[in-house]
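# Overview (structure and organization)
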Amino acid sequence: LTPVAADQVDIVIPTIRSLEFLEQWRPFFQPYHLIIIQDGDPTKTIKVPHGYDYELYNQNDIKRILGPRASIISFKDAACRCFGFLVSKRKYIFTIDDDCFVSKDPNGNDIDALAQHLKNLTTPSTPFFFNTLYDPYREGCDFVRGYPFSLREGTPTAISHGLWLNVPDYDAPTQLVKPRERNTRYVDSVMTIPKGSLYPMCAMNLAFDRELIGPAMYFGIMGEGVPIGRYDDMFCGWWSKVVVDHLGLGVKTGLPYVWHNKASNPFVNLKKEYNGLYWQEEMIPFFQSIKLPKECDTAQKCYLELSKLVKEKLSHIDPYFVKLADGMATWIDVWEEFNAPGAVLHDSS
């Protein structure tokens, strides 16, 4: 494998606090460029440890850059991170939450999460036929007997979904009944999620190929001003998987692990998730049933078609879905504008 150059990668971090957690990540993150999206009070100063190359955007910056279209970027929700995806110009994006720290493997070695994500993204996926030894492109592994040779080249990997030790990514009801449960199981595997299967995507420890799937990595309108929160990465996981499947790309999940340190308040979470817990029972069958037309041959076209279907098929649940669908369509307009050749985009604070 050819190593990925540092100038091909952006690390996107949403935050409301100073970023001391980056001190622990310094051996792994310092060569890379950071895009920090500051949520909350824009007059508050976010401290970034010395030596990092970064740009930082707060609510005022986002409103200045996007004008009236700034309403597509969520506030008081980690979905604000997708502004970083928008302003990035690099092929690969790794996004991590500020309560995630360096984890250790069973031998006690620090895990370079970003290196593992890049390995996942630069080796093929196998969504059309499951390999029982999981990722056949890992060292010391291969395709098992009976795996069709015609599918062994695999398909490009669009998304790498990492996991977490310590505090699991549970919804509020599960947090309430298992407040002290911790994930201590390190499973040394990477696997491709099969075509046609949706999954709950967590954005705490996530990477993707911006050129392949960037336009579908919109986290929706969440948090402040809308009746739902904490479903930003769920929504994005469902619709990006529909797009990945349609375009014949792949999603890998498993390694790398990070150490998730903070358990959020389950009662606060329940208020944010309350509608989502009901709505997902209709939303998931809707996404499972979608068949996109053949003319949708780019992530942008797929995503615009999805925005129309969301408005048409989900608006009976709640008027929120009309606003969400309009935000999805506006996101594509802004994406195309920001990614036009020679576009002069922004200045950062």
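In this text, all values refer to a predicted model and were calculated from it rather than measured experimentally. (Residues numbered from 1 in each chain as written. Predicted model: local features only at pLDDT ≥ 70, side-chain atom pairs only at ≥ 80, totals over all residues. Heavy atoms only, no water.)

Looking only at helices and strands, the protein chain has ten helices and nine strands in total. Radius of gyration (C-alpha) of the protein chain: 19 Å, near the 20 Å computed for a compact globule of 349 residues. Across the 349 residues in the protein chain, those meeting the buried criterion constitute 53%. When the accessible surface of the protein chain is totalled, it reaches about 15700 Å², and 53% of it is carbon and sulfur. Between the centroid of the 36 positive side chains of the protein chain and the centroid of its 43 negative side chains there is a distance of 2 Å. (Helix = DSSP H or I, 4+ residues; strand = E, 2+ residues; numbered from the N terminus. Rg over C-alpha atoms; globule rule 2.2 N^0.38 Å. Buried < 20%, exposed > 50% of the residue type's maximum accessible area, 1.4 Å probe, protein only. Areas by Shrake-Rupley, 256 points an atom, 1.4 Å probe, with all protein chains shown as cover. Lys, Arg positive; Asp, Glu negative; His and termini not counted. Charge placed at Lys NZ, Arg CZ, Asp CG, Glu CD.)

A separate point is unusual backbone geometry. The omega angle of the peptide bond from Leu-255 to Pro-256 is 10 degrees, so this bond is cis rather than trans. Note that Pro-256 resides in strand β9 (residues 250-260). Here Lys-76, not a glycine, exhibits a phi torsion of approximately 60 degrees, which is positive. Tracing the sequence through the fold places Lys-76 in the loop between α2 (59-66) and α3 (82-87).

If you check UniProt for "glycosylation site" (unreviewed entry), the listed places come out as Arg-145 in our numbering. Note on placement: Arg-145 falls in the loop between α4 (113-121) and β6 (157-166). (UniProt positions renumbered as here; feature names shortened; annotations may be inferred.)

Right, let's get into the packing of aromatic side chains. One pass over the full model with this rule turns up 26 aromatic pairs. Ring centres of Phe-130 and Tyr-134 lie 6.2 Å apart, and the angle between their planes is 85 degrees; this geometry places the pair in the edge-to-face category. Residue classification places Phe-130 among the partly exposed residues on the basis of a relative accessible area of 40%. Following the ring pairs from residue to residue traces out a cluster consisting of Tyr-231, Phe-235, Trp-238, Trp-239, Phe-286, Phe-287 and Tyr-303. The lysine or arginine in question, Arg-152, covers the ring of Phe-149, its NZ or CZ lying 3.8 Å from the ring centre. (Phe/Tyr/Trp six-rings, centres within 6.5 Å; stacked < 30°, edge-to-face > 60°. Lys NZ or Arg CZ within 6 Å of the ring centre and 35° of its normal.)

Moving on, we get to the UniProt feature "site: Required for activity" (unreviewed entry) in the protein chain. According to UniProt, the "site: Required for activity" (unreviewed entry) feature falls on Arg-145 and Arg-152. You can see Arg-152 is positioned in the loop between α4 and β6. Once residues lying within four places of it in the same chain are set aside, the contact partners of Arg-152 are Tyr-137, Phe-143, Val-144 and Tyr-147. (Contact = heavy atoms within 4.5 Å.)

Our next topic: helix α8 (residues 266-289). The terminal C-alpha atoms of α8 lie 32 Å apart, and with 24 residues this matches the ideal 34 Å at 1.5 Å per residue to within 8%. For α8, the principal kink sits at Glu-273 and spans about 55 degrees. Asn-269, Glu-273, Gly-276, Trp-279, Gln-280, Met-283, Phe-286 and Phe-287 are the residues of α8 that are buried. Each element contacted by the buried residues of α8 is listed here: α5 (172-177), α7 (232-247), α9 (299-314) and α10 (320-338). Structurally, the start of α8 carries an N-cap: the backbone nitrogen of Phe-267 is 2.7 Å from a side-chain oxygen of Asn-265. (Expected span 1.5 Å × (residues − 1). Bend = angle between axes of the 7 residues up to and from the residue. Polar contact = N/O pair within 3.5 Å; in protein donor to acceptor, adjacent residues only side chain to side chain.)

With that out of the way, let us pick up the environment of Arg-81. Residue position: Arg-81 is located in the loop between α2 and α3. Separated by 189 residues in sequence, Arg-81 and Leu-270 have C-alpha atoms that sit 22 Å apart. Residues within four places of Arg-81 in sequence aside, it is in contact with Val-12, Pro-14, Ile-37, Thr-95, Ile-96, Asp-97, Ala-203 and Phe-219. A polar contact is formed between the side chain of Arg-81 and the backbone oxygen of Ala-203, at a distance of 3.2 Å.

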